[in-house]
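# Results of the structural survey
As a plain string of letters, each chain reads:
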2 protein chains.
Amino acid sequence: MQPVPCMDFKPLQADQVSAWDRAADVLIVGFGGAGACAAIEAADSGASVIIFDAASGAGGSTALSSAELYLGGGTSVQQAVGYDDTIEATYGYLMASNAPQADPEKVRAYAEGGADHLEWLKSLGVPFKHSEYPHRAMMALTDDCLLYTGSEKAWPYRDQFEAAPRGHNLEVEGDNGGPLLMQLLEAAVRERGVAVVLESRALRLIVEGRDDALPVCGVVVRQDGEERYYRAERGVVLCAGGFVMNSDMLNKHAPKLQRATIPIGNPNDTGAGIQMAAAVGARLINMDEGFVSLPFYPPASLTFGILVDGNGQRFINEDVYHGRVGTLILDQTWPVYLVVSVDDYADYETVSYLGAPIAATGETIEELCVELGLPEGALETTIETFNTSAAQGEDPQCHKHSDWLKPLTAPLVALDCTPGRGAFFPYFTLGGVDTTVNGAVLNEAGEPIPGLYAAGRTACGVPRRGDGYASGSSVGDATFSGRQAGRAAAQTGDTA
Amino acid sequence: MQPVPCMDFKPLQADQVSAWDRAADVLIVGFGGAGACAAIEAADSGASVIIFDAASGAGGSTALSSAELYLGGGTSVQQAVGYDDTIEATYGYLMASNAPQADPEKVRAYAEGGADHLEWLKSLGVPFKHSEYPHRAMMALTDDCLLYTGSEKAWPYRDQFEAAPRGHNLEVEGDNGGPLLMQLLEAAVRERGVAVVLESRALRLIVEGRDDALPVCGVVVRQDGEERYYRAERGVVLCAGGFVMNSDMLNKHAPKLQRATIPIGNPNDTGAGIQMAAAVGARLINMDEGFVSLPFYPPASLTFGILVDGNGQRFINEDVYHGRVGTLILDQTWPVYLVVSVDDYADYETVSYLGAPIAATGETIEELCVELGLPEGALETTIETFNTSAAQGEDPQCHKHSDWLKPLTAPLVALDCTPGRGAFFPYFTLGGVDTTVNGAVLNEAGEPIPGLYAAGRTACGVPRRGDGYASGSSVGDATFSGRQAGRAAAQTGDTA
């Protein structure tokens, strides 16, 4: 990773601005999923809007993602397919999987508003098929919609909350949801007459007033090598992504995340929005947390295998979401191996994203154990215990669902899932600016900073834990929180 | 815990101050261990100094502590007692036990400066006996000095770094090190003509300048119900403790810590120093981390027992420092039991701080297992495995040292160590303001905020992890970092 050049995010006092270049009711920094939705809602609330992006086009990290949306509570697709998902089950699952730092108010709004949010996206032309992709998979590569993208069917959640698939995949073949979603959102933004200002990097917030009140009233933007001064009559919305591309911020705030190997996001996920907010006193929360994945399925049959640590012991039910596996691996005694039968290894080499090299193979369990060089007898004991339980359809140790339980039979393969040895360990950040459910940025004392809003990964929203993450909860949360922030920013002027 | 009243920490612009009440070169907020040492060094650097505390006397949380100091690298006491501790071993242990978020520069300075720091304290009259308290204990209740206060002799550290006792207990009987240390430091402060201003709560920083530079130049202090304006000619040093007494900050920054039960510190550990710094753009780091303890020894003989989780499995080598045990328990599947023979239960009821109730007793292993109601057969298997290994003086599963290994023999007792069921689980925070090794406060972009310094638990220093904590590293770090910050603040005026 390139080091991010040290920038000066200190706010500029408005009376230092000799001439304003341009003004609008709402200024939005960042044209990814959150910024686009903020712009649409702000415009639909009657505000004039300017949206900036440092890149030469709209998209942000949303365009790079699969753009599943994690939505529940009985969406139109869930109902059409036959799932009676409830708001309470959605709320309960999201609270439990993001505990203890879940924000009850945000999760409540998200669970209650999920079905409407899908309809809103559909009203913008975003296509969702009334169908399900009924496999254990990282993503649906068909144009089918519903997919289980979390650990709803796995222990410890399966006994607590009625499971339902909540990942909503766009109706498009292949892994092309992100580009399509952003193309449609961009069209909706432009249709509304929002001024789109690209290749323009927001540098600093502009504040006015003295002493007690420092309302945010504008943004300094670098365009064509020059600083321009944009005035916000009502509010500024920061939707500038997370900080996974900023190694200094990672070192300071999320050192453990870097045990994973590949930061994912767009190159402008440098935390600039977070830093601009911090420079006016915003509270940053959950900064140590991130999404980490060990994408070990497909093939789904690898789920029949067992993951063992450097002591030869299991540490997880292998039927959970890949992000829970990846997150827990960071804290284990390394090395970490996935041991699976050759039968279930199946078409790993052609369909897997994992890239984990083979650590050992064995015609017998004993041979594999010797080759892996784990503490003598440890792996044998683990496999014996697992096989005995699995034969009875039980896993008292790690609680893998009986659907994924069967004794391991030789010949066996062990994949090396130790971070840094070839397996794909992507990660991104889940910390950011603390906001109200409406996107107002809070200071360290919990009070709103007038005129400042944030959404998407610049803020800290619904997804808060790597071990509880579900695919689609970032794009879902970004688009949802962007809408709240855009609406709130547009309305500030009216109520002031 | 009482909710902390919401305060407004926004800085005041200097030109809003109509009249300054008083001025000094260096203003120090907080008269605990860090503030006292900052005051002494600032005064010895030739600065005029005012030190404030919200309480009616000096002391802070240091006075409430045992005031061991974790110092290594070959202190005079270590040498006199016969330990050849090295700077490299001290550095290595502190880096490893605080990884990955350890600050190499701070740990280096602390390891290299430990021996001198002890001499400096001795020069102020702080007494240390040339002796060792050679037992596994929470603290020395005698006037002996050296004590192992971390996990130096336990896996995984014992194989990596030469162990040495680095806890330095003051020469005083009973748990009275804290009051004595603060009494001596306060005397040294007053001897130097430092102005001590008590019952005075620092409310907000005062900043001057516009645009790029916002140097901190003073403090608003509430005294006798009125706001007073103190000017700092050279710098302000925040030594106002951590935030364990602020439930809002805990909820936002360290939600998991509250799985422990008893916040420890002084009532003014409300994060006010951290919030004042944040309001001028300071970077807050490591905010999710804290010290957590399960003080299960004395009696040391409980170390012969095994800790098991709700699945009846062990999860730790029980010979580690009590803070590592406490921290790991927060993440286990609850309940958590300590299973020990009645012989080793010994004088638990009279000497323990733990307060854990008896969950079950058993004349046989089977009886105990049934009574505890863990998954059928799980605890039996765990004890069998442990006993077989222990009989051979080995613990391949959790690596407890052979000194603490022997098979568990009936009759047995199980203590309930589940948080919330009676066992004493104290905690405090380890996150704070990011600073340079000299105590200069950094903003989110990593640049120093002119005129602002921090030390002790307001800053983020050497101890950074609950699972790697060692007793004495907070008082050691507070007194050490206070000195650096006091010196740096005093010198700013000279070099400007």
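Residues numbered from 1 in each chain as written. Chains lettered and ligands numbered in written order. Predicted model: local features only at pLDDT ≥ 70, side-chain atom pairs only at ≥ 80, totals over all residues.

Turning our eyes to something else, we now look at the overall build of chain A. Secondary structure assignment for chain A yields 14 helices and 21 strands. Relative to the globule expectation of 23 Å for 496 residues, the C-alpha radius of gyration of chain A, 24 Å, shows essentially globular dimensions. Overall size of chain A, expressed as C-alpha extent along the three principal axes, is 80 × 50 × 40 Å. A burial count over chain A gives 58% of its 496 residues as buried. (Helix = DSSP H or I, 4+ residues; strand = E, 2+ residues; numbered from the N terminus. Rg over C-alpha atoms; globule rule 2.2 N^0.38 Å. Buried ≥ 20, exposed ≤ 12 C-beta atoms within 10 Å, placed from the backbone.)

Two orientations exist for strands paired in a sheet by backbone hydrogen bonds: parallel and antiparallel. Residues and elements named next belong to chain B. Read from one edge to the other, the open sheet built from three strands follows the order β4-β6-β5, with strand pairing classed as antiparallel. In this open sheet, the two strands that pair with only one neighbour each are β4 (69-70) and β5 (146-147). Examined bridge by bridge, β4 and strand β6 (residues 167-168) share two bridges and lie antiparallel to one another. Its bridge partner lying in β6, L69 is registered against H168. (Pairing = 2+ DSSP bridges.)

Time to look at the pairing of strand β15 (residues 337-341) of chain A. All names here are of chain A. Among the five residues that make up β15, four are buried, leaving the element largely enclosed by the rest of the structure. Inspection of the sheet shows strand β14 (residues 306-308) paired to β15 by three bridges, in the antiparallel sense. By the bridge assignment for β15, I306 is matched with V339. Here β15 pairs with strand β17 (residues 412-416) via five bridges, running antiparallel. Paired with V339 across the bridge in β17 is A414.

Bringing the interface of chain A and chain B into the picture now. Facing 38 residues of chain A, the contacting portion of chain B comprises 38 residues. Only β1 (12-13), α7 (247-253), α8 (272-278) and β12 (284-285) of chain A provide two or more residues apiece to the side of chain A that touches chain B. Looking at the side of chain A that touches chain B element by element, the count peaks at three residues for α7 of chain A. (Contact = placed C-beta atoms within 7 Å.)

This paragraph deals with the environment of D248 of chain B. Structurally, D248 of chain B is set in helix α7 (residues 247-253). Separated by 22 residues in sequence, D248 of chain B and T270 of chain B place their C-alpha atoms 9.5 Å apart.

Note on soluble globular proteins: their nonpolar side chains tend to be buried together. Counting residues in each nonpolar core, the largest one holds 298 residues, and the members touching the most others are V237 of chain A together with V237 of chain B. Once residues lying within four places of it in the same chain are set aside, the contact partners of V237 of chain B are V26, I28, V29, A38, Y453, A454, A455, A485, G486 and A489 of chain B. (Core = buried A, V, L, I, M, F, W, Y, C linked by C-beta atoms within 7 Å.)

What follows deals with the sheet that holds strand β17 (residues 412-416) of chain B. Residue and element names in this part refer to chain B. An order of β14-β15-β17-β16 is seen for the four strands of this open sheet, with the pairing classed as antiparallel. On the outer flanks of this sheet lie β14 (306-308) and β16 (358-362), each paired with one strand and no other. Looking at each pair of strands side by side, their axes are set apart by 20° on average, direction ignored. (Axes fitted to C-alpha atoms, helices over the stretch in contact; angles between N-to-C directions.)

With 97% of its residues at a pLDDT of 70 or more, chain A has an overall mean of 94. Under the prediction, the complex receives an ipTM of 0.86, its pTM being 0.91. (pLDDT = per-residue confidence, 0-100.)

Residues and elements named next belong to chain B. Between helix α4 (residues 87-97) and helix α5 (residues 104-123), the least distance of the axes is 9 Å, while the angle of their chain directions is 145°. Crossing hand, α4 versus α5: right-handed. Between α4, through I87, T90, Y91, L94 and M95, and α5, the contact on the second element is made entirely by P104, V107, R108, A111, E112 and G114. (Left-handed = near helix turned anticlockwise from the far one by under 90°.)

Right, let's get into the relation of the copies chain A and chain B. Between chain A and chain B, the superposition needs a rotation of 180° and an axial shift of 0.0 Å, giving an RMSD of 0.0 Å. Here the copies are linked by what is in effect a two-fold axis. Among all residues of chain A, the one whose C-alpha sits closest to the rotation axis is G281 of chain A, at a distance of 2.8 Å. Both copies share a contact surface, since 100% of the interface residues of chain A are interface residues in chain B too. (Least-squares fit on C-alpha atoms with pLDDT ≥ 70 in both.)

Right, let's talk about helix α6 (residues 177-191) of chain B for a bit. Residues and elements named next belong to chain B. The terminal C-alpha atoms of α6 lie 21 Å apart, and with 15 residues this matches the ideal 21 Å at 1.5 Å per residue to within 8%. Taken residue by residue, α6 has G177, G178, L181, M182, L185, E186, A188 and V189 as its buried positions. Along the long axis of α6, the arc covered by the buried residues comes to 160°, so they all point the same way. Looking at the buried residues of α6, the elements they touch are α1 (33-44), β3 (49-52), α2 (60-64) and β7 (195-197). G193, located one to two residues past α6, shows a positive phi value of around 75°. (Expected span 1.5 Å × (residues − 1). Arc of directions from axis to C-beta.)

This part covers unusual backbone geometry. The amide bond that connects A410 of chain A to the next residue, P411 of chain A, takes the cis arrangement and shows omega of 0°. Mapped onto the fold, P411 of chain A is located in the loop between α13 (378-391) and β17. The linkage connecting Y297 of chain B with the following residue, P298 of chain B, adopts the cis geometry, with an omega of 5°. Among the secondary structure elements, P298 of chain B is positioned in the loop between β13 (290-292) and β14.

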